[in-house]
Amino acid sequence: MSYQWLDWARRLQSISQAGLTFTKDIYDRERYEELQQISKEIIESYSEIEMQQLSNLFAYEKGYQTPKLDVRGAVFKEEKILMVREKMDDKWSLPGGFCEVGLSPNENIVKEIWEESGYHVVPTKLLALLDMNKHSHPPQPYHYDKLFIRCEIVGGEESTGIETKGIDFFAEDQLPVLSVGRNTVDQVKTLFEFSRNPTKQAIVE
(Lines give C-alpha, C1' and ligand atoms only; values in the text may rest on other atoms or scores of the structure.)
Protein backbone atom coordinates (compact mmCIF):
# COMPACT_ATOMS: atom_id res chain seq x y z
CA MET A 1 0.00 0.00 0.00
CA SER A 2 1.33 3.44 -0.93
CA TYR A 3 1.60 6.13 1.74
CA GLN A 4 3.13 8.90 -0.37
CA TRP A 5 1.28 11.48 1.72
CA LEU A 6 3.02 10.15 4.82
CA ASP A 7 6.44 10.43 3.20
CA TRP A 8 5.70 14.06 2.29
CA ALA A 9 4.46 14.82 5.82
CA ARG A 10 7.52 13.23 7.45
CA ARG A 11 9.86 15.17 5.16
CA LEU A 12 8.10 18.41 6.00
CA GLN A 13 8.35 17.59 9.70
CA SER A 14 12.04 16.75 9.40
CA ILE A 15 12.85 19.95 7.50
CA SER A 16 10.83 22.12 9.88
CA GLN A 17 12.38 20.53 12.97
CA ALA A 18 15.92 21.03 11.68
CA GLY A 19 15.06 24.60 10.72
CA LEU A 20 13.61 25.40 14.13
CA THR A 21 16.74 23.97 15.73
CA PHE A 22 19.30 25.94 13.78
CA THR A 23 17.66 29.16 12.56
CA LYS A 24 18.33 32.44 14.33
CA ASP A 25 15.96 34.47 12.15
CA ILE A 26 12.52 35.21 13.61
CA TYR A 27 10.85 35.22 10.18
CA ASP A 28 12.41 31.88 9.20
CA ARG A 29 11.18 30.47 12.52
CA GLU A 30 7.62 31.45 11.59
CA ARG A 31 7.99 29.72 8.22
CA TYR A 32 9.34 26.52 9.79
CA GLU A 33 6.52 26.53 12.35
CA GLU A 34 4.04 26.82 9.46
CA LEU A 35 5.72 23.89 7.69
CA GLN A 36 5.40 21.83 10.87
CA GLN A 37 1.72 22.71 11.16
CA ILE A 38 1.13 21.64 7.53
CA SER A 39 2.85 18.33 8.30
CA LYS A 40 0.53 17.73 11.25
CA GLU A 41 -2.55 18.64 9.20
CA ILE A 42 -1.59 16.14 6.50
CA ILE A 43 -1.11 13.31 9.00
CA GLU A 44 -4.34 14.16 10.84
CA SER A 45 -6.31 14.22 7.58
CA TYR A 46 -5.12 10.82 6.34
CA SER A 47 -4.81 8.88 9.60
CA GLU A 48 -6.61 8.36 12.90
CA ILE A 49 -4.08 10.43 14.86
CA GLU A 50 -5.60 13.59 16.33
CA MET A 51 -3.95 17.02 16.13
CA GLN A 52 -3.39 17.29 19.89
CA GLN A 53 -1.61 13.94 19.93
CA LEU A 54 0.59 15.04 17.03
CA SER A 55 1.37 18.33 18.75
CA ASN A 56 2.40 16.45 21.89
CA LEU A 57 4.59 14.07 19.88
CA PHE A 58 6.38 16.81 17.95
CA ALA A 59 6.79 19.03 21.02
CA TYR A 60 9.39 16.61 22.42
CA GLU A 61 11.36 16.41 19.16
CA LYS A 62 14.49 18.55 19.10
CA GLY A 63 17.52 18.73 16.83
CA TYR A 64 18.12 17.07 13.49
CA GLN A 65 15.53 14.33 12.99
CA THR A 66 16.72 10.75 12.43
CA PRO A 67 14.87 7.39 12.31
CA LYS A 68 13.82 5.93 15.66
CA LEU A 69 14.82 2.40 16.63
CA ASP A 70 12.40 -0.36 17.66
CA VAL A 71 13.86 -3.62 18.98
CA ARG A 72 12.01 -6.98 19.05
CA GLY A 73 13.05 -10.30 20.58
CA ALA A 74 12.82 -13.68 18.87
CA VAL A 75 12.62 -16.31 21.62
CA PHE A 76 11.94 -19.92 20.61
CA LYS A 77 10.91 -22.95 22.65
CA GLU A 78 10.01 -26.32 21.15
CA GLU A 79 9.65 -24.79 17.66
CA LYS A 80 7.31 -22.09 18.93
CA ILE A 81 7.94 -18.35 19.28
CA LEU A 82 7.29 -16.20 22.35
CA MET A 83 4.63 -13.52 21.97
CA VAL A 84 2.90 -11.14 24.37
CA ARG A 85 -0.64 -9.78 24.24
CA GLU A 86 -0.70 -5.98 24.20
CA LYS A 87 -3.12 -4.15 26.48
CA MET A 88 -3.26 -1.25 24.03
CA ASP A 89 -4.96 -3.15 21.19
CA ASP A 90 -5.58 -6.66 22.64
CA LYS A 91 -3.40 -8.19 19.91
CA TRP A 92 -0.12 -10.11 19.95
CA SER A 93 3.44 -9.06 19.29
CA LEU A 94 7.02 -10.08 19.78
CA PRO A 95 8.23 -8.64 23.10
CA GLY A 96 10.11 -5.38 22.65
CA GLY A 97 9.76 -1.66 22.18
CA PHE A 98 11.59 1.55 21.41
CA CYS A 99 15.26 1.71 22.35
CA GLU A 100 15.97 3.86 25.39
CA VAL A 101 18.80 6.36 25.53
CA GLY A 102 21.76 4.99 27.49
CA LEU A 103 21.06 1.33 26.73
CA SER A 104 22.48 -0.75 23.88
CA PRO A 105 20.08 -2.72 21.64
CA ASN A 106 21.04 -5.90 23.54
CA GLU A 107 20.42 -4.25 26.90
CA ASN A 108 17.11 -2.88 25.63
CA ILE A 109 15.78 -6.24 24.47
CA VAL A 110 16.80 -7.98 27.68
CA LYS A 111 14.94 -5.29 29.65
CA GLU A 112 11.85 -5.37 27.41
CA ILE A 113 11.49 -9.16 27.44
CA TRP A 114 11.81 -9.32 31.21
CA GLU A 115 9.31 -6.47 31.75
CA GLU A 116 6.76 -7.84 29.28
CA SER A 117 7.03 -11.60 29.81
CA GLY A 118 8.92 -12.28 33.05
CA TYR A 119 11.69 -14.23 31.32
CA HIS A 120 15.39 -13.52 31.69
CA VAL A 121 17.17 -13.88 28.37
CA VAL A 122 20.58 -13.62 26.75
CA PRO A 123 20.81 -12.08 23.25
CA THR A 124 22.63 -14.41 20.85
CA LYS A 125 22.29 -13.06 17.30
CA LEU A 126 21.04 -10.11 15.27
CA LEU A 127 18.56 -11.58 12.78
CA ALA A 128 17.26 -8.56 10.88
CA LEU A 129 17.40 -4.79 10.56
CA LEU A 130 14.31 -3.61 8.67
CA ASP A 131 13.02 -0.25 7.48
CA MET A 132 9.42 -0.06 8.68
CA ASN A 133 8.48 1.86 5.52
CA LYS A 134 9.25 -1.19 3.38
CA HIS A 135 6.84 -3.48 5.24
CA SER A 136 3.08 -3.63 5.60
CA HIS A 137 2.75 -1.68 8.85
CA PRO A 138 0.02 0.93 9.30
CA PRO A 139 1.14 4.56 8.83
CA GLN A 140 3.16 6.10 11.66
CA PRO A 141 4.11 9.75 12.22
CA TYR A 142 7.80 8.87 12.56
CA HIS A 143 10.27 6.87 10.50
CA TYR A 144 11.26 3.68 12.36
CA ASP A 145 13.93 1.04 11.85
CA LYS A 146 13.28 -2.33 13.46
CA LEU A 147 15.87 -4.66 15.01
CA PHE A 148 15.03 -8.35 15.52
CA ILE A 149 17.37 -10.14 17.96
CA ARG A 150 17.44 -13.87 18.74
CA CYS A 151 17.45 -14.51 22.49
CA GLU A 152 17.68 -17.59 24.70
CA ILE A 153 15.81 -18.00 27.99
CA VAL A 154 18.16 -18.41 30.97
CA GLY A 155 15.71 -17.93 33.84
CA GLY A 156 12.64 -16.19 35.16
CA GLU A 157 9.04 -17.26 34.87
CA GLU A 158 5.97 -16.23 32.91
CA SER A 159 4.64 -12.93 34.22
CA THR A 160 2.71 -10.11 32.50
CA GLY A 161 3.88 -6.51 32.73
CA ILE A 162 2.40 -3.02 32.72
CA GLU A 163 1.77 -3.10 28.95
CA THR A 164 0.93 -6.79 28.49
CA LYS A 165 -2.04 -8.98 29.43
CA GLY A 166 -1.00 -12.38 28.09
CA ILE A 167 2.05 -14.51 27.29
CA ASP A 168 2.27 -17.60 25.09
CA PHE A 169 4.38 -19.51 22.57
CA PHE A 170 2.96 -20.04 19.07
CA ALA A 171 3.75 -22.39 16.21
CA GLU A 172 4.33 -20.86 12.77
CA ASP A 173 1.03 -22.22 11.42
CA GLN A 174 -0.96 -21.13 14.50
CA LEU A 175 -0.08 -17.46 14.87
CA PRO A 176 -2.62 -15.26 16.73
CA VAL A 177 -4.00 -11.94 15.52
CA LEU A 178 -0.92 -9.73 15.40
CA SER A 179 -0.45 -6.13 16.41
CA VAL A 180 0.76 -5.11 12.95
CA GLY A 181 2.05 -1.76 14.11
CA ARG A 182 4.69 -3.77 15.97
CA ASN A 183 5.25 -6.81 13.75
CA THR A 184 3.77 -8.43 10.66
CA VAL A 185 3.04 -12.05 9.77
CA ASP A 186 5.79 -12.02 7.14
CA GLN A 187 8.32 -10.77 9.67
CA VAL A 188 7.42 -13.47 12.20
CA LYS A 189 7.59 -16.17 9.52
CA THR A 190 11.03 -14.90 8.55
CA LEU A 191 12.15 -15.40 12.15
CA PHE A 192 11.03 -19.03 11.96
CA GLU A 193 13.34 -19.40 8.95
CA PHE A 194 16.23 -18.36 11.18
CA SER A 195 15.13 -20.92 13.79
CA ARG A 196 15.24 -23.69 11.17
CA ASN A 197 18.50 -22.45 9.68
CA PRO A 198 20.79 -21.03 12.42
CA THR A 199 23.51 -20.17 9.85
CA LYS A 200 21.18 -17.94 7.81
CA GLN A 201 22.73 -14.49 7.34
CA ALA A 202 21.14 -11.49 8.95
CA ILE A 203 18.73 -9.51 6.76
CA VAL A 204 19.22 -5.78 6.24
CA GLU A 205 16.52 -4.06 4.17
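Counting restarts for each chain: residues are numbered from 1 in the order of the written sequence. Per-residue local features are limited, in this predicted model, to residues with pLDDT of at least 70; the limit for side-chain atom pairs, both in listing and counting, is 80 or more; totals at the level of whole chains, interfaces and linings are taken over all residues. The basis for every side-chain value is the complete set of heavy atoms in the structure, and neither hydrogens nor water enter the calculation.

Caption draft 1: Here's a closer look at the packing of aromatic side chains. Any Phe, Tyr or Trp ring, taking Trp's six-membered ring, that has another such ring centre within 6.5 Å forms a pair; planes under 30 degrees apart are called stacked, those over 60 apart edge-to-face, and the others tilted. Going through the model one piece at a time under the given rule, you end up with four aromatic pairs. Arranged with centres 5.3 Å apart and planes meeting at 75 degrees, the rings of Phe76 and Phe192 form a pair that is edge-to-face. Remark: Phe192 occurs in helix H5 (residues 185-196) and Phe76 occurs in strand E1 (residues 68-77); sequence separation between them is 116 residues. Here Phe76 and Phe192 have matching classes, each one buried. Numbered from the N terminus, helices here are DSSP runs of H or I no shorter than four residues, and strands are runs of E no shorter than two. The cut-offs for exposure are 20% and 50% of the maximum accessible area for each residue type, with area from a 1.4 Å probe on protein chains only; residues under the lower value are buried, those over the upper are exposed, and the others partly exposed.

Caption draft 2: Unusual backbone geometry, seen in detail. Within the chain, Glu78 stands out as a residue other than glycine whose phi angle is a positive 55 degrees. Turning to its location among the elements, Glu78 is positioned in the loop between E1 and strand E2 (80-86). A positive phi angle, near 65 degrees, is found at Asp90, a position not held by glycine. Looking at the element boundaries, Asp90 is found in the loop between E2 and strand E3 (92-93). Of the residues examined, Asp90 reaches a relative accessible area of 35% and is grouped as partly exposed.

Caption draft 3: Structural context of helix H2 (residues 26-46). Along its 21 residues, H2 runs 31 Å from first to last C-alpha, staying within 8% of the 30 Å computed at 1.5 Å per residue. Gln36, Ser39, Lys40 and Ile43 are the residues of H2 that are buried. The arc that holds the buried residues of H2, viewed along the axis, is 95 degrees, so those residues lie on one side. Projecting away from the buried face of H2 at angles above 90 degrees are the exposed residues Tyr27, Glu34, Ser45 and Tyr46. Between the side-chain oxygen of the N-cap and the backbone nitrogen of Tyr27 there are 2.8 Å, and the N-cap of H2 in question is Asp25. Here a helix's expected span is defined as the number of its residues, less one, multiplied by 1.5 Å. Note that the arc is defined by the directions from the helix axis to the C-beta atoms. Polar contact is the term for a pair of N or O atoms within 3.5 Å; when the atoms are in protein, one must be able to donate a hydrogen and the other to accept it, and sequence-neighboring residues count only if both atoms are side-chain atoms.

Caption draft 4: Representation of the packing of helix H1 (residues 4-22) against H2. Where H1 contacts H2, the axes come no closer than 8 Å and their chain directions differ by 155 degrees. With respect to their mutual orientation, H1 and H2 come out roughly antiparallel. The handedness of the crossing between H1 and H2 is left-handed. Along its contact with H1, which presents Trp5, Leu6, Ala9, Leu12, Gln13, Ile15, Ser16, Gly19 and Leu20, the element H2 presents Arg29, Tyr32, Glu33, Leu35, Gln36, Ile38, Ser39, Ile42, Ile43 and Tyr46. Three residue categories are used. Nonpolar comprises Ala, Val, Leu, Ile, Met, Phe, Trp, Tyr, Cys and Pro, charged comprises Asp, Glu, Lys and Arg, and polar comprises the others, including Gly. Among the residues making up the contact of H1 with H2, the classes are represented as twelve nonpolar, five polar and two charged. Here the axes come from fitting lines to C-alpha atoms, over the contacting stretch only for helices, and the angles between their N-to-C directions go from 0 to 180 degrees. Roughly parallel here means an angle under 35 degrees, roughly antiparallel means over 145, roughly perpendicular means 65 to 115, and every remaining angle is called oblique. Here a crossing is taken to be left-handed if its near helix is turned anticlockwise relative to the far helix by less than a right angle, and right-handed if that turn runs clockwise. Residue contacts are counted whenever heavy atoms from the two residues lie within 4.5 Å of one another.

Caption draft 5: Region of interest: the nonpolar core. Each nonpolar core is a collection of buried residues, namely Ala, Val, Leu, Ile, Met, Phe, Trp, Tyr and Cys, held together in the definition by side-chain atoms within 4.5 Å. If you look at the biggest cluster of nonpolar residues, it comprises 16 residues, and the most contacted ones within it are Phe76, Ile81, Met83, Leu94, Phe148, Val188 and Leu191. Listed by contribution, the elements that provide at least two residues to this core are E1, E2, strand E5 (119-131) and H5. Among the elements that make up this core, the one with the highest residue count is H5 (four residues). The next biggest cluster of nonpolar side chains, apart from the first, holds 13 residues, and it includes Val71, Val84, Cys151 and Ile167.

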